[in-house]
Amino acid sequence: MSHHLNETSSRRETCSPEEWALRVDLAAAYRLVALFGWDDLVFTHISARLPDRHDEFLINPYGLMFDEITASSLVKVDMNGNKLEESPFPVNPAGFTIHSAVHAARPDAQCVLHTHTLNGVAVSAQRGGVLPISQHSIFVLSSLGYHDYEGVALRDEEKPRLVADLGKNNYLMLRNHGLLTVGRSVAEAFQAMYFFEAVCNIQIRAQAGGGELIQVDPAIIATAQEQARQVTKGQGGSLSWPGLLRRLDRRLPGYEC
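Residues numbered from 1 in each chain as written. Predicted model: local features only at pLDDT ≥ 70, side-chain atom pairs only at ≥ 80, totals over all residues. Heavy atoms only, no water.

J.: I would appreciate a short explanation of the sheet that holds strand β4 (residues 111-115) in the present structure.
T.: With mixed pairing, the seven strands of this open sheet are ordered in space as β3-β2-β1-β4-β7-β6-β5. Looking at the sheet topology across the chains shown, the edges are occupied by β3 (75-77) and β5 (144-147). Between one strand axis and the next, the sheet turns by 20° as a mean value, whatever way the strands run. One ladder, built from three bridges, connects strand β2 (residues 57-59) with β3; its direction is antiparallel. Looking at β3, one finds that L58 is bridged to K76. (Pairing = 2+ DSSP bridges. Helix = DSSP H or I, 4+ residues; strand = E, 2+ residues; numbered from the N terminus. Axes fitted to C-alpha atoms, helices over the stretch in contact; angles between N-to-C directions.)

J.: How should helix α5 (residues 159-166) be read in this particular structure?
T.: Side chains three or four residues apart in an α-helix point the same way, a direct result of the helix having 3.6 residues per turn. Within the sequence span of α5, burial applies to K159, L162 and L166. Within α5, the buried residues cover an arc of 65° as seen down the axis, which keeps them to one side. Seen from the open side of α5, the exposed residues pointing more than 90 degrees away from its buried face are P160 and A164. Buried residues belonging to α5 abut α2 (97-105), β5, β6 (171-174) and β7 (178-183). (Buried < 20%, exposed > 50% of the residue type's maximum accessible area, 1.4 Å probe, protein only. Arc of directions from axis to C-beta. Contact = heavy atoms within 4.5 Å.)

J.: Mind showing me how you'd approach α2 here?
T.: Taken across its nine residues, α2 has seven buried, putting it largely inside the fold. Considered for burial, the residues of α2 that qualify are T97, I98, H99, S100, A101, V102 and H103.

J.: How do you make sense of the pattern of salt bridges when you look at a structure like this?
T.: Once their charged atoms are close, side chains differing in charge can pair, the charge on each being opposite to the other. Tallied over the full model, the rule gives ten salt bridges. With a shortest N-O distance of 3.7 Å, E85 and R11 are connected by a salt bridge. Of this pair, E85 sits in the loop between β3 and α2 while R11 sits in the segment before α1 (17-35), and the two are 74 residues apart along the sequence. With respect to class, E85 is no different from R11; both count as buried. Between R23 and E19 there is a salt bridge, and its shortest N-O distance comes to 3.0 Å. Taken together, the residues span about one helical turn, with R23 and E19 both in helix α1 at a distance of four residues. Residue R23 is classed as buried on the basis of its relative accessible area of 0%. Three or more residues joined by partner-sharing salt bridges are found here, namely R11, E19, R23, K76 and E85. (Salt bridge = Lys/Arg side-chain N within 4 Å of Asp/Glu carboxyl O.)

Purely geometric numbers; function is a separate question.
Take a look at the structure:
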């Protein structure tokens, strides 16, 4: 690919303060995904709906590694993944199929985050899916859907089935494929993915031990959402987000350019 990061000029002066804030958060999320080791070269996406817009989204410039993405390099697209502004970078409209379906069906989903991690895909291939064997798992299980694999997600005809499988949940396990989370903010979608990834990592390790696993009582899972609100003091993902940005500032600075 011939494009370089320095071909992107700052968009800070040409967009609203609200859009710029969202760009910074989304660029940070891409870099955090890289920092946590959840990226898959240049594949998968994190998309964010623009404030007060139902049909405009920000997505990654296709071909940049996640740890290279900046607020200005993010590309604005419509519901079909077509670019809405000049950018030296291409986008991957096919990869936006899943995201556009979720955004369209869920007005509350400002951010949709999708990964192909080794442990996430491993659990997605297990018939039993997510097992109730950790404290982390109760938060995922209280809001989890499953979607059967239909091949690479390129076809619009798959959208209704994917949306139906997600329903009102915030976590979706894509069978034989990976993980997806939605959030009312970038911070919320990222925190959800942190728990989803942790659950899969714990499960694979617990199973590798070979011993009998203890399962959490379903009655405890039923109260997980209320427990989560108490733990985060009602702040949800925004409680940990400032600390995550400080970590980025130390380890992968430059995302806010």
